[in-house]
Every structure is written in structure tokens, then in C-alpha cells.
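Coordinates in review
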Amino acid sequence: MRPNVPILSDPVNKRILLHVMFWLAILIVLTFIYGAGMPDYWLTIGIVGMFLPIHILYFYCIAYVLIPRFFNRKKYLAFSLCMILCVIVSTLLFRLMEILVADPIIFAVVKKNDPTFDWIKLHGTFTEQLFKPVYLISAFEQTNIFVWIALSIKFFKMWFERRQAAMEAELNFLKGQLHPHFLFNTLNNLYALTLTQSPQSPAVVMGLAEILRYMLYEANTDVVELERDIRIVESYIKLEKIRYEERLDINFSINGLVPGQKIAPLLILPLVENAFKHGASEQVGQAWINIDLRIKNNILKFKISNSKPEDTIKEDKKHHVSIGLANVRKRMDILYPSAYQLRILEEEDVFAVILEIELDKRLEL
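In this text, all values refer to a predicted model and were calculated from it rather than measured experimentally.

Examining the overall build of the protein
In terms of regular secondary structure, the protein is built from 10 helices and 7 strands. Long-range contacts, defined as pairs at least 24 residues apart, comprise 71% of the intrachain contacts of the protein with a sequence gap of at least 6. By element, 63% of the accessible surface of the protein is carried by carbon and sulfur atoms, the whole surface being about 21,300 Å².

Rendered as C-alpha cells:
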């Protein structure tokens, strides 16, 4: 059991700690890089520590002032001009720190060990040293390399968060399409029963309430128990059996279902609903639906086939049939990319859908 560290439970404290660790890592890396050419590493870490505030100021000015104020608001010209200003100011600050503090300290330490030492970098007036091209270019490189590594991480994090938000919004939209579609169909079934004053109407209401409770309160999570999701499918089938009575022959076999298996909610129900809506409900005579669900080695294989009405389906109905399947495919593309197969087989009198999912390869959002 891992100990609970209070400081890490707060997202703000965790974020601050990550930033501190990053800059400490930069300090260590720079010390090892420049330490090889210095008298000792203790002097190097002190010199690098003098320049670190310039890197930090440069980074946070861009990351937390320029990006939110200009880049995120699509004021790209203002962002570019301010970026250029930041580059110039940070480079000049770096050179000033070298001329006024770092270089004299390094020269004094080396001179103490070697009285004959002469450093050409210190030749010339203050202005000549400040604007000497070779040292300005060196200051520019040293100022920018690690800051832009940090900024690259920042931009990647922004891109990733926006991508996640867009994917979650699309998933919510697709799930939102499933709910009214299912509710509309089931209410039609209930309406047909109430017209005949069927004694089975209360059972339909209770079954519908259970399914809606699941969809509203349990299916809002990223994953649900596969066993629970299948039980909701069975509840839906019971509702449809009440409606079709003896006119429908349905078989549902389940193999390999064990507690603890997880799946994204509401992936299987639309496939079952599609078979009823556009198979049995459009067939005047005897209809049939066969459903087979198997789980082996954490791979779920779900196959559902149904009889088709004898009359040729019109083009507009073909488009309507594809809505539920298209939504499932879009959700699978987001949740199980490269970890699923959805095949649709259509013959003259049979329509079949086969879905295979590697349950342990769901993308974390």
C-alpha cells in the first residue's frame, strides 16, 4: 500500500514540484556540460545557478504571459514581436551576467592557479565585450536551447489537453445521440402496448426505468463492468420480447463472461437495438435474431445477425440504419484505436454485425 503524501494530493503543489524538479534537472545537466572545462564542479554549479534565473524568467514570461495573452487569442503578430523582444532581452541579460559577474569570477579562480593565464574574452571595453558577435551568438544559444525544450513540452501539453477535450466532447455528443434514439424507439413500443391496454405495460415501464437509470447515472464513467453492461442488453431484449411475443425467435448465448472485466459503456446496446429496429420491426411475418458473445484472453467477440424483411429497403432507410452503427464505429475509433474490428455483412435475407474488441487496450482519456 502506497503512503498518502498530502502535498502531492493537491494538483497545484504537484505542478509546482514538477516545475522545481525540471529546473533542478536543467541545473544538473548544465553543470555536467560546462563542468568539464571549468576548474571544478562546485564553481560550475555556482556559475550555472547565477544564469538559471534568466532561463526561468524567459520561460515563464513566454509560457504564462505571452502564450495566454496573445497566442491563445490568435494575436500572432503581437506574439511574434514580443517573442523577439524576449529573445533580445534574455540574450543581453545573459551577456551582462557574464561580463559583470561570471567571467570575472572564473578568471580570478583560473588566474590564481595559473598566473600567466590571459583570457581574450575579457579584452576590450564594456561595450565591445557586450556586442561582440561571437559571444552574443553564444549567449543566444545558451539562453534558448533549454528554454525551448521546456516550451516544446508546454506546447505538447497544450496540444494533448485540447485533443483530449475534443475527443471527450465528441464522445459525449455520440453518447447523447444514442440516448434519445433508444428512448424514442422504446417509447413507441410502450405506446403500442398501452393502446391495447396490455397488462405487460407496467413491466415495460420498470424495465425502461432500469435502462434509463443505467444510461443516466452509471454509463457516464469511462468504463463499466462488462457484466453489468450485458445485463442491460438482456433487459432491453426482455422489453422487445414483450412487444413481439411469438412473432420473434431470439437466441442470446454468452461464453467467457467473468466478474472484473471492463468495457466502455453503451457499445453493444446500439448494435442490438439496430437489429430490432431495422430487422424485426420491419418484418411482417416471423422474424429471428441470433446473438453470440464470447470473451477469451480479454478479447470480446460479439456477433449479432437478424432476418431482413422481404421488401427491398429504400435508400432513405438505408441511411437511417447506418446512424447507430456509424456512431459505434466513431466511438470505437476514439476509445479502442487499432484494437477493434467492426464488420458488417449483408446478404439477401440476413444482416450481420461482428464486433471484436481487445478490452485491455482502451485509450485512457
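With respect to the confidence of the model for the protein
When pLDDT is averaged along the protein, the result is 82, and 87% of the positions lie at 70 or above. Confidence over residues 312-321 falls short of pLDDT 50; this stretch has 6 contacts with residues more than four positions distant or in other chains.

Regarding the pattern of salt bridges
Taken as a whole and judged by the stated rule, the model has 12 salt bridges. When the shortest N-O distance is used, the salt bridge between Glu-210 and Arg-228 registers 3.6 Å. Taken together, the residues span a long stretch of sequence, with Glu-210 in helix H7 (residues 201-218) and Arg-228 in helix H8 (residues 226-244) at a distance of 18 residues. Given the relative accessible area of 26%, Glu-210 is considered partly exposed.

Quick look at H8
At 3.6 residues per turn, the α-helix brings residues three or four places apart onto the same side. Here H8 is 19 residues long and its end C-alpha atoms lie 27 Å apart, about the 27 Å a rise of 1.5 Å per residue gives. All buried positions along H8 are accounted for by Leu-226, Asp-229, Ile-230, Ile-232, Val-233, Ser-235, Tyr-236, Ile-237, Leu-239, Glu-240, Ile-242 and Tyr-244. Positive phi appears at Glu-245, one or two residues downstream of H8, with a value of about 50°.

Focus: the packing of H7 against H8
Taken N-terminus to C-terminus, the directions of H7 and H8 make an angle of 150°; their axes are 10 Å apart at the nearest point. When the interaxial angle is binned, H7 and H8 end up roughly antiparallel. The two elements H7 and H8 cross, and the hand of that crossing is left-handed. Judged by residue contacts, Ala-203, Val-204, Gly-207, Leu-208, Glu-210, Ile-211, Tyr-214 and Glu-218 of H7 engage Arg-228, Asp-229, Ile-232, Ser-235, Tyr-236, Leu-239 and Ile-242 from H8. Here the residues of the contact of H7 with H8 sort into 9 nonpolar, 2 polar and 4 charged.

Re the pairing of strand E7 (residues 350-358)
Both strand E5 (residues 299-307) and E7 contribute to a ladder of 9 bridges, which runs antiparallel. Each residue of the ladder has a partner; that of Ser-305, found in E7, is Ala-352. The pairing of strand E6 (residues 340-346) with E7 spans 7 bridges and is classified as antiparallel. Across the sheet, Arg-343 pairs through a bridge with Ile-354, a residue of E7.

Considering unusual backbone geometry
Located in the positive-phi region is Lys-74, a residue other than glycine, with phi close to 60°. Relative to the helices and strands, Lys-74 is located in the loop between helix H3 (41-71) and helix H4 (76-113).

As for the side chain of Asp-229
One can find Asp-229 in helix H8. Summary of buried charges: Asp-229 has no salt-bridge partner, and the nearest side chain of opposite charge, Arg-228, is 7.9 Å away. Within polar-contact distance, the side chain of Asp-229 engages the side chain of Tyr-214 at 2.3 Å. Asp-229 has contacts with Tyr-214, Val-224, Ile-263, Pro-265 and Leu-266, leaving out every residue within four places of it along the chain.

Re the environment of Phe-70
Within the secondary structure, Phe-70 is located in helix H3. We classify Phe-70 as buried; its relative accessible area is 17%. Residues Phe-70 and Ser-80 lie 10 residues apart in sequence; the distance between their C-alpha atoms is 9.1 Å. Beyond its immediate chain neighbours, meaning those up to four positions away, Phe-70 contacts Lys-75, Ala-78, Phe-79 and Cys-82.

Thresholds applied
Residues numbered from 1 in each chain as written. Predicted model: local features only at pLDDT ≥ 70, side-chain atom pairs only at ≥ 80, totals over all residues. Heavy atoms only, no water. Helix = DSSP H or I, 4+ residues; strand = E, 2+ residues; numbered from the N terminus. Contact = heavy atoms within 4.5 Å. Areas by Shrake-Rupley, 256 points an atom, 1.4 Å probe, with all protein chains shown as cover. pLDDT = per-residue confidence, 0-100. Salt bridge = Lys/Arg side-chain N within 4 Å of Asp/Glu carboxyl O. Buried < 20%, exposed > 50% of the residue type's maximum accessible area, 1.4 Å probe, protein only. Expected span 1.5 Å × (residues − 1). Axes fitted to C-alpha atoms, helices over the stretch in contact; angles between N-to-C directions. Parallel < 35°, antiparallel > 145°, perpendicular 65-115°, else oblique. Left-handed = near helix turned anticlockwise from the far one by under 90°. Nonpolar A, V, L, I, M, F, W, Y, C, P; charged D, E, K, R; others polar. Pairing = 2+ DSSP bridges. Lys, Arg positive; Asp, Glu negative; His and termini not counted. Polar contact = N/O pair within 3.5 Å; in protein donor to acceptor, adjacent residues only side chain to side chain.

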